Amino acid sequence: MIFNILQIVFLITIAPLVSGVITKIKNNLRLRKGASIWQPYYNLGKLFSKHEVVSEQASWLFRITPLIVFASSLIALFLVPAFIIKSPVQYLGGLLLLIFVLALGRFFLALAGLDTGSSFGGMGASREMFVSSFTEPAAILAFFTVSLNFGTTNLGAMSGTEAIKFSSIMAAISILMVSLAETTRIPVDNQETHLELTMIHEAMVLEYSGRSLALIELASYIKQIVFFTLITTIIYPVVFSAPITYGQILTGGMIYLAKLAGIAVVIAFIEVSLAKMRLFRAVDFLYFSFVISLLSIIVAILGA
């Protein structure tokens, strides 16, 4: 149990660092100096130290949404093994529960965007629900491929040997495309701007400030590392069953960080190489992820 708690604390601690590394790689590719990789930590510290300004039109729903969003991301993190296979909640559900808890946070965030009566919040909530109607089916089909390969939807039952399959790689590619939309990244969204015509996630949280905004930002970092961990777990997980030694924990942690660094490089190259798509053109991108998930199921049935 203590190892699981340490793993969760470790993942929460490095979650903002992943975004900082991606931003740094993007700036280097653009031949810019850019901010430090520690900038997300500075931003969180600044937000946690500020007071909140709440709209007069906001109800209790607006106030509790940051806690629900953070809790949903935290539960999702408990469900995904990084390098320790045992999890305190792994028997409560698998991949389908993971989709549900993430959708729960999205649902409340969309309601909070509508709660203040802001036109930007309503626009962002509408766009978020529109995008999620394409990402969730693609993710479910990709997870179905994984369940066919492993015979279970429980991530804790996966092993590295069985994971090296062509269908699993296709499913991981589909989840990578879904993660770009779920983590508000190019080409679906752009988390670096507040322009009206491009905002999706940022429009929903525009009315938040202070500690509430910090919780939402931290939840988005955790959600991002959940998707990245899923990708590494599906392709080739390196996890250790109990009882484990400190040497195994150190080895698993280093391998896990190397896999995260690889995904960070891929994400950075994608964001630098592609432009932000129009909302209805992004549908084609998400359709393609759905098709890849569907083809991965066929390939999994064929045994590849």
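Check the entry above for the structure.
This section reports on the structure supplied with the text. None of the values given here were measured: they were computed from a predicted structure.

### Focus on the overall build of the protein
Phase 1: In terms of helices and strands, the protein carries eleven helices and zero strands.
Phase 2: Across the 304 residues of the protein, 53% fall into the buried class.
Phase 3: Intrachain contacts of the protein at a sequence separation of at least 6 include 83% that bridge at least 24 residues.
Phase 4: Within the structure as shown, the protein displays about 13900 Å² of accessible surface, and the carbon and sulfur contribution to it stands at 70%.

### Considering the pattern of salt bridges
Phase 1: Under the defined criterion, the tally for this structure stands at seven salt bridges.
Phase 2: Salt-bridge contacts for Glu128 lead to Arg106; the nearest nitrogen and oxygen are separated by 3.2 Å. Taken as a pair, Glu128 in helix α5 (residues 119-150) and Arg106 in helix α4 (residues 95-115) lie far apart in primary sequence, 22 residues in all. For the pair shown, Glu128 and Arg106 are each scored as buried.
Phase 3: For Glu271, the salt bridge goes to Arg185, with nearest N and O atoms at 2.7 Å. Here Glu271 is found in helix α10 (residues 246-273), whereas its partner Arg185 is found in the loop between α7 (166-182) and α8 (201-204), with 86 residues between them in sequence.
Phase 4: Given a relative accessible area of 1%, Arg185 falls into the buried group.

### Regarding a nonpolar patch on the surface
Phase 1: Residues Phe290, Val291, Leu294, Leu295, Ile298 and Leu302 make up a contiguous nonpolar surface patch of about 540 Å² in total accessible area.
Phase 2: Summarising the element assignment, Phe290 is placed in helix α11 (residues 279-301).
Phase 3: Classification of Phe290 as partly exposed rests on a relative accessible area of 30%.

### Section: α4
Phase 1: If you check α4, its first and last C-alpha atoms are 31 Å apart, about what 21 residues at 1.5 Å a residue would give, namely 30 Å.
Phase 2: Of all the positions in α4, only Leu95, Leu98, Ile99, Val101, Leu102, Gly105, Arg106, Phe108, Leu109, Ala110, Ala112 and Gly113 are classed as buried.
Phase 3: Where the residues of α4 are buried, they touch α3 (60-79), α5, α7, α8 and α9 (210-235).

### Considerations on the nonpolar core
When a protein is soluble and globular, its nonpolar side chains tend to lie buried together.
Phase 1: One finds Leu98, Phe143, Ile225 and Tyr256 to be the most contacted residues of the largest nonpolar core, which totals 79 residues.
Phase 2: The element best represented in this core is α9, accounting for 15 residues.
Phase 3: With near-sequence residues (within four places) excluded, Tyr256 lies in contact with Phe10, Leu11, Ile14, Ala82, Phe83, Ile225, Thr229 and Thr232.

### Thoughts on the packing of aromatic side chains
Phase 1: Applying the stated criterion to the full structure yields six aromatic pairs.
Phase 2: Summarising the aromatic geometry, the rings of Trp38 and Tyr41 are spaced 5.9 Å apart at their centres and angled 45° between planes, so their arrangement reads as tilted.
Phase 3: Residue classification places Trp38 among the partly exposed residues on the basis of a relative accessible area of 42%.
Phase 4: Taken together, Phe130, Phe134, Phe280 and Tyr287 form an aromatic cluster joined through their ring pairs.

Rules behind the numbers
- Residues numbered from 1 in each chain as written.
- Predicted model: local features only at pLDDT ≥ 70, side-chain atom pairs only at ≥ 80, totals over all residues.
- Heavy atoms only, no water.
- Helix = DSSP H or I, 4+ residues; strand = E, 2+ residues; numbered from the N terminus.
- Buried < 20%, exposed > 50% of the residue type's maximum accessible area, 1.4 Å probe, protein only.
- Contact = heavy atoms within 4.5 Å.
- Areas by Shrake-Rupley, 256 points an atom, 1.4 Å probe, with all protein chains shown as cover.
- Salt bridge = Lys/Arg side-chain N within 4 Å of Asp/Glu carboxyl O.
- Patch = residues over 30% accessible without salt bridge, like charges linked within 9 Å, V, L, I, M, F, W, Y side chains within 5 Å.
- Expected span 1.5 Å × (residues − 1).
- Core = buried A, V, L, I, M, F, W, Y, C linked by side-chain atoms within 4.5 Å.
- Phe/Tyr/Trp six-rings, centres within 6.5 Å; stacked < 30°, edge-to-face > 60°.

These results come straight from atomic positions and should not be treated as a statement about function.
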